[in-house]
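Here is what each chain is made of, one letter per residue.
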Amino acid sequence: MENNEVKKDVVFSAIQPSGTITLGNYLGAVRNWVKMQDEHSCIYALADLHTITVRQQTAVMRKNILDAYASIMACGIDVEKSLFFIQSHVHTHAELAWLLSCYTQFGELSRMTQFKDKSAKHADNINAGLFTYPVLMAGDILLYQADKVPVGADQKQHIELTRDIAERFNGLYGNVFKVPEGFIPKNGARVMSLQDPTKKMSKSDENVNGCVHLLDPPEVIMKKFKRAVTDSEACVRYAEGKDGVNNLMAIYSAVTGQSMEQIENEFAGKGYGDFKTAVGEAVIEELRPIREKYEQLIQDKGYLEECYRKADEIALKISLRTLNKVKKKIGFVL
Ligand code: ATP
Ligand code: LTN
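A. Seen up close, the side chain of Ser-193. Secondary-structure assignment places Ser-193 in the loop between strand S5 (181-183) and helix H9 (218-226). Among the residues examined, Ser-193 registers a relative accessible area of 2% and is labelled buried. Within the structure, the side chain of Ser-193 is placed 3.0 Å from the backbone nitrogen of Asp-196, a separation counted as a polar contact.

B. Broad picture of the site of ligand 1. Near ligand 1 there are 21 residues, and of these Lys-118, Asp-154, Lys-200, Ser-202 and Lys-203 occur at the shortest range. With respect to ligand 1, the side chain of Lys-118 contributes an N or O atom lying 2.6 Å from an oxygen atom. Expressed as a share of its isolated accessible area of 610 Å², the protein-covered part of ligand 1 is 96%. The biggest single contributor to the shell around ligand 1 is helix H1 (residues 23-35), with four residues. In the shell around ligand 1, the residues fall into six nonpolar, 10 polar and five charged.

C. How the structure looks around unusual backbone geometry. Phi is positive for Gln-145, close to 50 degrees, though the residue is something other than glycine. Within the fold, Gln-145 resides in the loop between helix H7 (128-143) and strand S4 (148-150). Of the residues examined, Gln-145 reaches a relative accessible area of 24% and is grouped as partly exposed. At Ala-234, a residue that is not glycine, the phi angle is positive and equals roughly 55 degrees. On the secondary structure map, Ala-234 appears in the loop between H9 and helix H10 (243-256). Residue classification places Ala-234 among the partly exposed residues on the basis of a relative accessible area of 46%.

Conventions adopted
- Residues numbered from 1 in each chain as written.
- Chains lettered and ligands numbered in written order.
- Predicted model: local features only at pLDDT ≥ 70, side-chain atom pairs only at ≥ 80, totals over all residues.
- Heavy atoms only, no water.
- Helix = DSSP H or I, 4+ residues; strand = E, 2+ residues; numbered from the N terminus.
- Buried < 20%, exposed > 50% of the residue type's maximum accessible area, 1.4 Å probe, protein only.
- Polar contact = N/O pair within 3.5 Å; in protein donor to acceptor, adjacent residues only side chain to side chain.
- Near = heavy atom within 4 Å.
- Areas by Shrake-Rupley, 256 points an atom, 1.4 Å probe, with all protein chains shown as cover.
- Nonpolar A, V, L, I, M, F, W, Y, C, P; charged D, E, K, R; others polar.

Remember, this is a structural readout, not a statement about activity or role.
The following block contains the structure:
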């Protein structure tokens, strides 16, 4: 990142390396990360500390971290323009999370819908980290004095909590934190499972056909779209009660830039078979260069390491400024 130019807005976001990156992650978040790189000072992270709120296998987790790093770079994150680091390599994140947890109320965290969903899904492991997860996320954002946070719609509540924590802290100690804004795209903010369109598409979906992964080969992507759940009306139109078709239309719209009305016109008089094939083809073409770039990047682990080590070091420097300020304001002796 260049420091000697006109001050640009700071953008921060992160993604968990909890499995292969999905079409939902891409359309809801990562695609915007890429788009924002020219106009903003962008800082992105792999939120690996967040990932252990759900039990991981050691070897799988190691592989997922490198894979996710290479996949996100393959989407178009340019390490010459943006910082892209690994959260657990920068100790300020865990440290600020502790400090902020003392400024976050139990009641606030109890209202988080992701906590409720994830504790229902992992009833055998409702650990304290799952509960305090949004505080770690707030710390990630506030450490960099971020102006904007590009995320999918499911993260809106966490961004609001981050703002509340920042405002509360600023109210007590003066202007310490920038109060960030969420940046949620119009199209693709909430991609739903292809098998159960009332549930969001998620990396950790048990039904593999519900979720398209960025690295799925073209024939697998097409098969998943062909099997997507629709309805019995056989008419491509966006309407209440047509969750499956609405989801496919939203994906097609996010990828091609067409409005719902244009899509309805394009497929007037055609059946779902034609429509599903068109959505599959559009997604395959969008993801093809990403998969090719990934194959190339993952071969060169040395280069990947060079990229994240460099970014880790800069992230530490930037974030220490905020952490030290916070500690001083609270009353720690530095
Ligand atoms: P997990 O299944 O492990 O909870 P996830 O797939 O929900 O993971 P995250 O790492 O939690 O993904 O999220 C990374 C980013 O992707 C966030 O900004 C999130 O809002 C966005 N995102 C996740 N799923 C979707 C989706 N289905 N549609 C749009 N955006 C999404
Ligand atoms: N909690 C997010 C991932 C995440 C994040 C962040 C997103 C961790 N830290 C900071 C934006 C900003 C998730 O689970 N989707």
